[in-house]
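# Residue-level structure breakdown
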Amino acid sequence: MFTAGFIARNRVSRLPLSGLTTMRVGGPAQLVLLDCRSDLPELLNQRHRWLGKGANLLVGDAGVDEAVVRLGPGFAAIELEEPAGGTTRVRAGAGADLAELMAQCQRAGLAGPEGLAGVPATVGGALRMNAGTSTCWMLDWVSRVEVVLPGEEAPRWLERAELPASYRSCGLPPGTLFLGCELALASGDPEALRATATRLKRAKAASQPLALASAGCVFKNPSPEMPAGKLIDQLGLKGERCGGASVSPVHANFIVNAERSASASDIVALITRIRLRAWRERQVRLDLEVETWNCPSELHAHPQDLVEAHA
Ligand code: EPU
């Protein structure tokens, strides 16, 4: 329960999470749009989960019991400092849209972030999962991050070297709140940066089903030699269906909710079927890239255990 003062200063409502995720599934939760930094301690004392753009998230049909928190405009500032020694420092709040950060950097002729063109995320979400493409990751240009670690109340800055980041992971514990980051960027030609961003977005649009509801790539690539999409394609699973969920015929690592009629249970069943086939036929363990909230734990189980459970 939040205090009346908290509710007056921030926006609190009960909503189906299907409307806040790009997969368009998920049951209800209490949503808090946090605007006031001084209310962080009250929030951190409640059971909560952090939501970014909802672009990499599968929420179960029953929703979640915890408060779901989105950072409001008060956490979305983007500030560019004057260049010094060939580098420009950029500060971005975690609530800012990654596309807005990229647009400002590109206009100012600051190179690097344009490599993430087309990645749908807030700055905080992109930091949290070290979002990226096949060539670069969010944390490639970050010099430090401002976080609240689980169990703590006071924000602290961590240097990039303190983050044990890897492919699709910032290396910090689940439940870490990202408040923002500082990037250290070299100069580039604004027109060339814009051309790169346009090329990357076109390549994505040509190879991914961007017009349909999805959570992007469902699985991490098990290895650079065998990307998950290629493997699922080779298993003949393009077009495979469970209720309203299907494997995209465009890119096999995307599960699409094409008619927006799928339940989270349909998606869970399809994921399990894919993981079982990959294990039985190729002995490959496919692990989820998407984050799951209140979904069956079998999604994270070793597929050998699924073989036994589904025998
Ligand atoms: N492929 C197939 N069939 C398919 C899909 C892909 O044979 O249905 C083959 C492609 O032809 C290519 C290889 O698999 O030879 C890799 O495919 P792609 O170039 O599309 O890259 P990816 O590894 O599947 C990664 C990221 C994407 C990111 C793209 C482009 C992961 C899990 N995915 O995809 O990120 O957009 O590179 O940079 O790392 C996301 O994270 O949600 C996401 C979409």
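Values in this document were obtained by computation on a predicted structure and should not be read as measured data. Each chain has its residues counted from 1, running along the sequence as written. Owing to the predicted nature of the model, reporting of local features is limited to residues with pLDDT of at least 70; listing and counting of side-chain atom pairs is limited to 80 or more, with chain, interface and lining totals taken over all residues. Hydrogens are left out, water is left out, and the side-chain values use all remaining heavy atoms of the structure.

## Some points on the sheet that holds strand β3 (residues 48–50)
- Pairing is mixed across the open sheet formed by four strands, whose spatial order is β1-β2-β5-β3. Each edge of the open sheet is held by one strand with a lone partner, namely β1 (11–16) and β3. Strand-to-strand twist across the sheet, computed as the mean angle between neighbouring axes with direction ignored, equals 35 degrees.
- By this definition, two strands are paired if DSSP reports at least two bridges between them. Put simply, DSSP H or I for four residues or longer makes a helix, DSSP E for two residues or longer makes a strand, and each gets a number counted from the N terminus. Direction of pairing for β3 relative to strand β5 (residues 67–71): parallel, over a ladder of three bridges. Considered in β5, the bridge of W50 is made with V69. A fitted line through C-alpha atoms represents every axis, and for helices the fit uses only the stretch in contact; the resulting angles, taken between N-to-C directions, go from 0 to 180 degrees.

## Some points on the site of the ligand
- For each residue, the test is whether any non-hydrogen atom lies within 4 Å of the molecule or strand; if one does, the residue is near. Around the ligand sit 20 residues, and of these Y167, C217, N221, D233 and A252 come closest.
- Taking R168, its side chain carries an N or O atom lying 3.0 Å from an oxygen atom of the ligand.
- A distance of 2.9 Å separates an oxygen atom of the ligand from a polar side-chain atom of Q208.
- For every accessible area listed, the method is Shrake-Rupley and the probe measures 1.4 Å; residues are considered covered only by the protein chains on display. Summarising the interface, the protein chains cover 72% of the accessible area of the ligand, which totals 830 Å² for the free molecule.
- If you list the elements that add at least two residues to the shell around the ligand, you get β11 (214–217) and α6 (228–234).
- Residue contributions to the shell around the ligand peak at three residues, all from α6.
- Partitioned by chemical class, the residues of the shell around the ligand number six nonpolar, eight polar and six charged. Identification of polar contacts relies on pairs of N or O atoms within 3.5 Å, with a donor-acceptor requirement for protein atoms, meaning one able to donate a hydrogen and the other able to accept it, and with residues adjacent in sequence counted only if both atoms are side-chain atoms. Only Asp, Glu, Lys and Arg are considered charged in this grouping, and only Ala, Val, Leu, Ile, Met, Phe, Trp, Tyr, Cys and Pro are considered nonpolar; every other residue, Gly among them, is considered polar.

## Quick notes on the sheet that holds strand β14 (residues 254–256)
- Ordered in space as β11-β14-β13-β12, the four strands form an open sheet in which the pairing is antiparallel. Of all the strands in the sheet, just β11 and β12 (241–242) have a single pairing partner and so form its edges.

## Considering the pattern of salt bridges
- Any carboxyl oxygen of Asp or Glu within 4 Å of a side-chain nitrogen of Lys or Arg constitutes a salt bridge here. The full count for this structure, using the stated rule, is 19 salt bridges.
- Note that E182 and R91 form a salt bridge whose closest N and O atoms lie 3.0 Å from each other. Taken together, the residues E182 in strand β10 (residues 177–186) and R91 in strand β7 (residues 87–93) connect sequence positions 91 residues apart.
- The cut-offs for exposure are 20% and 50% of the maximum accessible area for each residue type, with area from a 1.4 Å probe on protein chains only; residues under the lower value are buried, those over the upper are exposed, and the others partly exposed. A relative accessible area of 34% places R91 in the partly exposed class.
- Connected through salt bridges with shared partners, the residues R89, R91, R144 and E182 form a single ionic network.

## Here's the deal with the side chain of K204
- Counting through the fold element by element, K204 comes out in helix α5 (residues 190–207).
- Buried within the structure, K204 lacks any salt-bridge partner; its nearest side chain of opposite charge belongs to E289, at an N-O separation of 8.8 Å.
- We call two residues contacting when some pair of their heavy atoms lies within 4.5 Å. If near-sequence neighbours (up to four positions away) are discounted, K204 is found in contact with A117, G118, V119 and L210. When charges are counted, Lys and Arg are positive and Asp and Glu negative, with His and the chain ends excluded.

## Focus: the packing of aromatic side chains
- Aromatic contacts are taken between Phe, Tyr and Trp rings whose centres are within 6.5 Å, Trp giving its six-membered ring; a plane angle under 30 degrees counts as stacked, one over 60 as edge-to-face, and the others as tilted. Within this structure, the stated rule accounts for two aromatic pairs.
- A ring pair is formed by F2 and F6, whose centres lie 4.3 Å apart and whose planes are at 10 degrees; its orientation type is stacked. The residues F2 and F6 share a single accessibility class, namely buried.
- With 6.5 Å between their ring centres and 40 degrees between their planes, W137 and Y167 make a pair best called tilted. Taken together, the positions of W137 in the loop between α4 (123–128) and β8 (142–148) and Y167 in the loop between β9 (156–159) and β10 put the pair 30 residues apart, joining distant regions of the chain.
- Look at W137 and you get partly exposed, because its relative accessible area is 26%.

## Topic: the environment of A206
- Here A206 is to be found in helix α5.
- Under the relative-accessibility criterion, A206 is labelled exposed at 65%.
- In this structure the C-alpha to C-alpha distance between A206 and H251, which are 45 residues apart in sequence, comes to 9.9 Å.

## Section: the side chain of R275
- Tracing the sequence through the fold places R275 in helix α7 (residues 264–282).
- A distance of 2.8 Å separates a polar atom in the side chain of R275 from the backbone oxygen of L286.
- Leaving out residues up to four positions away in the same chain, R275 has contacts with F219, R285, L286, D287, E298, L299, H300, A301, P303 and L306.

## A word on the nonpolar core
- Throughout, nonpolar core names a set of buried Ala, Val, Leu, Ile, Met, Phe, Trp, Tyr and Cys residues whose side chains join them through atoms within 4.5 Å. Ranked by internal contacts, the top residues of the largest apolar core, which has 49 residues, are L98, L101, L127 and V145.
- Elements with a contribution of two residues or more to this core: β2 (28–34), α2 (40–44), β5, β7, α3 (98–107), α4, β8 and β10.
- Among the elements that make up this core, the one with the highest residue count is β10 (six residues).
- Not counting chain neighbours up to four residues away, the residues in contact with L101 comprise I78, V90, A92, V123 and L183.

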